[in-house]
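Understanding the architecture of this molecule
Residue strings, one per chain:
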Amino acid sequence: MAGLDWTYGVSTLRQWESADYEPSLPVSEKSNPLTCDIDRASAYSIVKMLQVCDSQMFQKEAGTTYQRLLSDQVLKTLMEVAKRVEVIIKDPQESCVVMSGCGTSGRLAFLISSGFNKALSQLNQSEVYSYIIAGGDRALLSSQEAPEDDPRLGVLSLKKVCEGKKRVLFIGISCGLSAPFVAGQLDFCLQHPEVYTPVLVGFNPAHQARDEPIQDCTFTFHSVVQRMQELAKSQKAFLINPAVGPEAISGSSRMKGGSATKILLEVAFSAAHAATSSNTPITHNGVLQHMMEYERTLAVTYSQPDGITTLVEAAGESLRCSRHVYYLGWGSLALLGLIDASECSPTFGADYEDVRGFIRGGYRELNNNDGPLTSLGPKFSIAHEDFLHLILPCLTDTDTVLLIYTHSDDATEVGNMARRVREKTPNLHAVYHQADGDTAASLQQDDIKKLCLSTLKITWPQEALVSGTLQHMRELSTKLVLNAVSTGAHVLKGKIYQNHMIDLQVTNTKLYRRATRLLQKLSTCPEEKCEEALLKAIYRVDMLTLEMTSSDITTHTCFARNSTKVVPLALVILLTGWSLVEAESHLKQQPIVREAVAQWMW
Ligand code: S6P
């Protein structure tokens with residue numbers, strides 16, 4: 001990839017928009033033409049590809065095919081939503097804003113509600129934001145993909161959060177407009193308009209919402225969206241669904257989908273907060289300017305491709321040696337570390353020990369609904385003390401440790417941690433956010449820098465401090481860096497084929513369908529044959545029984561929870577015609593899945 005031209009032509013950047021580009025797939029599931037060779041790219045090239053891919057979020061609308069982040073309609077809807085939030089903040093007694101989603105979408109609901117509740121508390125105002133994540137609080141830190149398929153669970157959790165409320169602004173987040181958990185909640189809101197105003201956030205056009213029947217339900221995600229579109233005309237429901245382009249790793253909505261969710265909701269809530277606290281009117285221009293600050297955040301972050309590349313290389317090397325990557329963070333940036341780490345298991349089939357996050361203050365700082373989750377198992381130990389007790393004694397040179405902090409965090413504490421880690425390994429790096437001209441902080445920072453092998457220093461202009469958006473910008477910037485580190489490291493480990501994750505877990509309907517499609521694409525076999533191979537790999541048999549073939553997808557995905565390497569196995573079976581045992585032994589000999597299947601595909 002050396003010498004690749006990063007100044008892509010407009011046609012390459014917009015290729016995915018063409019009507020005949022993967023026409024059967026919604027935008028969120030398409031493969032991005034920009035990253036089709038990411039599996040063979042150098043660390044630097046991976047970073048540059050992610051940069052171009054992220055920049056697609058802010059591409060201008062061309063024609064009428066897709067609404068974009070900066071489209072007029074999106075900005076107008078954000079203003080309307082902001083006005084509803086303003087009303088709730090001014091009269092919080094019996095009203096609230098509830099954000100809900102599955103996986104990353106639920107984690108961002110948590111992050112955003114925590115941040116904005118804190119902002120209200122600092123102004124001595126009542127907190128109005130709540131979050132729901134499918135699978136409950138354990139899903140904040142671990143992969144819980146199955147509850148995504150359960151609309152009743154969605155409704156139950158919504159009713160619980162809203163008990164006694166007379167006015168609820170419900171924000172359902174589903175990047176792919178696909179999660180039945182969220183569809184169920186939206187349907188419930190539509191049935192109770194006297195209390196609930198539903199808002200849908202996602203990144204496909206409405207007609208691409210999932211139209212697959214949901215078990216025991218009369219609605220699909222698509223039919224719910226249609227009802228919302230009707231009500232949107234009279235502002236009784238709101239749809240915020242710009243397209244941000246296909247993900248760098250196909251379907252990995254934790255990346256752009258997550259970033260865009262954060263941007264949209266923060267813009268709306270910040271406008272509402274400014275309106276209540278400083279009487280700043282909610283205007284089109286204000287919303288637009290705020291959106292553009294996020295565009296600048298991308299530019300500031302990616303202006304240091306070499307620094308990010310160093311981190312990707314270090315993390316990639318650790319994973320290649322079957323060692324670990326640790327994020328040690330402070331404040332809300334640590335939360336981004338916890339979130340990024342938790343996503344590696346569903347995205348890359350990683351073990352929870354491969355990439356782990358730790359937060360200063362542990363659950364006290366997290367302040368989640370259910371409080372400490374440590375009793376649920378070792379992966380729920382998230383405090384710096386846990387790192388010091390459980391991880392530090394066994395740390396080696398091949399582990400990568402990343403400190404994530406800002407100039408407002410306690411530099412003495414960061415320094416102490418750096419020294420403790422440095423005693424065990426030189427492979428210590430830092431992501432450090434500072435404000436322009438902050439010389440006092442930079443003196444202490446010099447000492448920490450000396451202990452680190454590399455420091456990615458991101459400097460924010462003083463204006464960001466003034467406009468109060470600094471925290472949000474630093475968070476997005478950290479998200480981009482960590483997404484690049486964990487994605488890049490797994491690419492370098494050989495987990496990706498072209499720009500597809502082959503070893504995906506098949507633990508809900510969306511992933512089951514994605515797996516079947518992927519098998520079709522890579523083997524060029526008909527759908528029926530691919531599904532048959534997938535089932536053989538799930539049930540670990542050469543001959544499927546009638547009971548297996550007649551079971552529904554939920555049964556398959558439940559069973560798949562305990563099976564590993566399902567899709568690679570199915571692929572090897574399809575490509576070679578081997579028995580299950582033969583295919584399994586082949587994969588054992590060549591654990592790098594890309595290599596294991598490559599010989600039949602290149
Ligand atoms: C995707 C991530 C998943 C999704 C979840 C919800 O990278 O691993 O956990 O967040 O499936 O998806 P959606 O489309 O409903 O937001």
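- Looking up the protein in an unreviewed UniProt entry gives the name SIS domain-containing protein, with the organism given as Astatotilapia calliptera.

**Observations regarding the packing of aromatic side chains**
- Tallied over the full model, the rule gives 12 aromatic pairs.
- An angle of 70 degrees between the planes, with centres 6.2 Å apart, marks the rings of Trp330 and Tyr405 as edge-to-face. Of this pair, Trp330 sits in the loop between β6 (325–329) and α12 (331–348) while Tyr405 sits in strand β8 (residues 400–406); the two residues are 75 residues apart in sequence, bridging distant segments of the chain. Tyr405 matches Trp330 in its accessibility class, with the two residues each being buried.
- Three or more aromatic residues joined by ring pairs form one cluster here, namely Phe116, Tyr129 and Phe269.

**Considerations on the sheet that holds strand β1 (residues 95–101)**
- If you trace the five strands from one edge of the open sheet to the other, you get β2-β1-β3-β4-β5, paired in parallel fashion. Edge strands, defined here as strands with exactly one partner in the open sheet, are β2 (129–133) and β5 (238–240). Along the sheet, successive strands turn relative to each other by an average axial angle of 20 degrees, direction set aside.
- Against the sheet, helix α7 (residues 180–191) makes contact with β1, β2, β3 (167–173) and β4 (196–201), and its axis sits at roughly 150 degrees relative to β4, the strand it touches most.

**Observations concerning the UniProt feature "domain: SIS" (unreviewed entry) in the protein**
- Look at the UniProt record and you will see "domain: SIS" (unreviewed entry) annotated at residues 85–278 and 315–495.
- Along residues 85–278 one finds 45% helix and 14% strand; the C-alpha atoms at either end are 15 Å apart.

**Topic: the packing of helix α3 (residues 72–90) against helix α10 (residues 284–302)**
- Contact geometry of α3 with α10 gives a least axis separation of 9 Å together with a crossing angle of 110 degrees. Put simply, α3 runs roughly perpendicular to α10. Note on element contacts: α10 touches α3 through His284, Val287, Leu288 and Met291, opposite Asp72, Leu75, Leu78 and Met79.
- Of the residues that constitute the contact of α3 with α10, the class distribution is six nonpolar, one polar and one charged.

**With respect to the sheet that holds strand β10 (residues 454–460)**
- Spatially, the five strands line up as an open sheet ordered β7-β6-β8-β9-β10, and their pairing is parallel. Looking at the sheet topology across the chains shown, the edges are occupied by β7 (355–359) and β10. Each adjacent strand pair in this sheet contributes to an overall mean axis angle of 15 degrees, direction not counted.
- By the bridge criterion, seven bridges tie strand β9 (residues 428–435) to β10 in an arrangement that is parallel. Its bridge partner lying in β10, His433 is registered against Ile458.
- This element, helix α11 (residues 305–320), spans β6, β7, β8, β9 and β10 of the sheet and lies at about 140 degrees to β10.
- Relative to β10, helix α18 (residues 470–492) is tilted by about 150 degrees, and along the sheet it contacts β6, β7, β8, β9 and β10.

**Some thoughts on the pattern of salt bridges**
- Inspection of every chain in the model, using the stated rule, returns 31 salt bridges.
- Of the charged contacts in the structure, one is a salt bridge between Asp399 and Arg323, with a shortest N-O distance of 2.9 Å. You can see Asp399 sitting in the loop between α14 (384–391) and β8 and its partner Arg323 sitting in the loop between α11 and β6, a full 76 residues away along the chain.
- For Asp399, a relative accessible area of 1% gives the class buried.
- Each of Arg14, Glu17 and Arg68 takes part in one network of salt bridges that share partners.

**What about the domain arrangement of the protein?**
- Assigned domains of the protein: these are domain 1 (72–280), domain 2 (304–494) and domain 3 (502–601).
- The C-alpha centroid of domain 3 is placed 34 Å from the C-alpha centroid of domain 1.
- At the junction of the two partners, domain 1 supplies 11 residues and domain 3 supplies 12 residues.
- Taken over both partners, the interface formed by domain 1 and domain 3 buries close to 850 Å², and the fraction arising from carbon and sulfur atoms is 32%.
- When residues of domain 1 are sorted by the area they lose upon contact with domain 3, Glu145, Asp149 and Glu212 head the list and together hold 42% of the total.
- Put simply, domain 1 and domain 3 have two salt bridges between them.
- Among the salt bridges present, the one from Glu212 reaches Arg513, with a minimum N-O distance of 2.8 Å.

**Observations concerning unusual backbone geometry**
- You will see that Thr524, though not glycine, has its phi angle at about 55 degrees, which is positive.
- Among the structural elements, Thr524 can be located in the loop between α19 (509–523) and α20 (527–539).
- Backbone geometry places Arg540, a non-glycine residue, at a positive phi of 55 degrees.
- Taking relative accessible area as the criterion, Arg540 reaches 28% and is therefore assigned partly exposed.

**A few points about the side chain of Lys256**
- Mapped onto the fold, Lys256 is located in helix α9 (residues 256–278).
- Here Lys256 sits buried without a salt bridge, and the closest side chain of opposite charge, Glu247, lies 5.6 Å off (N-O distance).
- Discounting residues that sit within four places of it in the chain, Lys256 has contacts with Asn32, Cys53, Asp54, Gln56, Met57, Val244, Gly245, Pro246 and Glu247.

**Comments concerning empty space enclosed by the protein**
- Tallying each qualifying case throughout the model produces five cavities of 30 Å³ or more.
- Put simply, the largest cavity is a space of about 80 Å³.
- Taken together, Leu50, Cys53, Asp54, Glu247, Ala248, Met255, Lys256, Ser259, Tyr302, Leu480, Asn483 and Ala484 make up the full set of residues lining the largest cavity.
- Grouping the constituent residues of the lining of the largest cavity by class yields seven nonpolar, two polar and three charged.
- Its residues placed into classes, the lining of the second largest cavity shows five nonpolar, four polar and one charged.

**Digging into α19**
- The terminal C-alpha atoms of α19, which comprises 15 residues, lie 21 Å apart, in line with the 21 Å expected from a rise of 1.5 Å per residue.
- Taken together, the buried positions of α19 are Thr509, Leu511, Tyr512, Arg514, Ala515, Thr516, Leu518, Leu519, Leu522 and Ser523.
- At the N-terminal boundary of α19, the capping side chain belongs to Asn508, with an oxygen 3.1 Å from the backbone nitrogen of Lys510.
- One or two positions beyond α19, positive phi appears at Thr524, with a value near 55 degrees.

**Topic: the site of the ligand**
- For the ligand, the set of nearby residues contains 16 residues, the closest of which are Ser105, Glu148, Ser174, Cys175 and Lys510.
- One of the side-chain nitrogen or oxygen atoms of Ser174 is found 2.7 Å away from an oxygen atom of the ligand.
- Here an oxygen atom of the ligand and a backbone polar atom of Ser253 are 3.3 Å apart.
- In isolation the ligand exposes 410 Å². Once the protein is present, 95% of that is buried.
- Looking at the shell around the ligand residue by residue, the class counts come to three nonpolar, nine polar and four charged.

**Some thoughts on the confidence of the model for the protein**
- With 96% of its residues at a pLDDT of 70 or more, the protein has an overall mean of 93.
- ipTM for the predicted complex: 0.99, alongside a pTM of 0.95.

Cut-offs applied
Residues numbered from 1 in each chain as written. Predicted model: local features only at pLDDT ≥ 70, side-chain atom pairs only at ≥ 80, totals over all residues. Heavy atoms only, no water. Phe/Tyr/Trp six-rings, centres within 6.5 Å; stacked < 30°, edge-to-face > 60°. Helix = DSSP H or I, 4+ residues; strand = E, 2+ residues; numbered from the N terminus. Buried < 20%, exposed > 50% of the residue type's maximum accessible area, 1.4 Å probe, protein only. Pairing = 2+ DSSP bridges. Axes fitted to C-alpha atoms, helices over the stretch in contact; angles between N-to-C directions. Contact = heavy atoms within 4.5 Å. UniProt positions renumbered as here; feature names shortened; annotations may be inferred. Parallel < 35°, antiparallel > 145°, perpendicular 65-115°, else oblique. Nonpolar A, V, L, I, M, F, W, Y, C, P; charged D, E, K, R; others polar. Salt bridge = Lys/Arg side-chain N within 4 Å of Asp/Glu carboxyl O. Domains from an automatic or database assignment. Buried area = accessible area lost by both parts, 1.4 Å probe. Lys, Arg positive; Asp, Glu negative; His and termini not counted. 1 Å grid on protein atoms, 1.4 Å probe; cavity = no way out; pocket = protein on both sides within 12 Å on 5 of 7 lines; lining within 4 Å. Points joined across faces, edges and corners; volume = space filled by probe spheres on them. Expected span 1.5 Å × (residues − 1). Polar contact = N/O pair within 3.5 Å; in protein donor to acceptor, adjacent residues only side chain to side chain. Near = heavy atom within 4 Å. Areas by Shrake-Rupley, 256 points an atom, 1.4 Å probe, with all protein chains shown as cover. pLDDT = per-residue confidence, 0-100.

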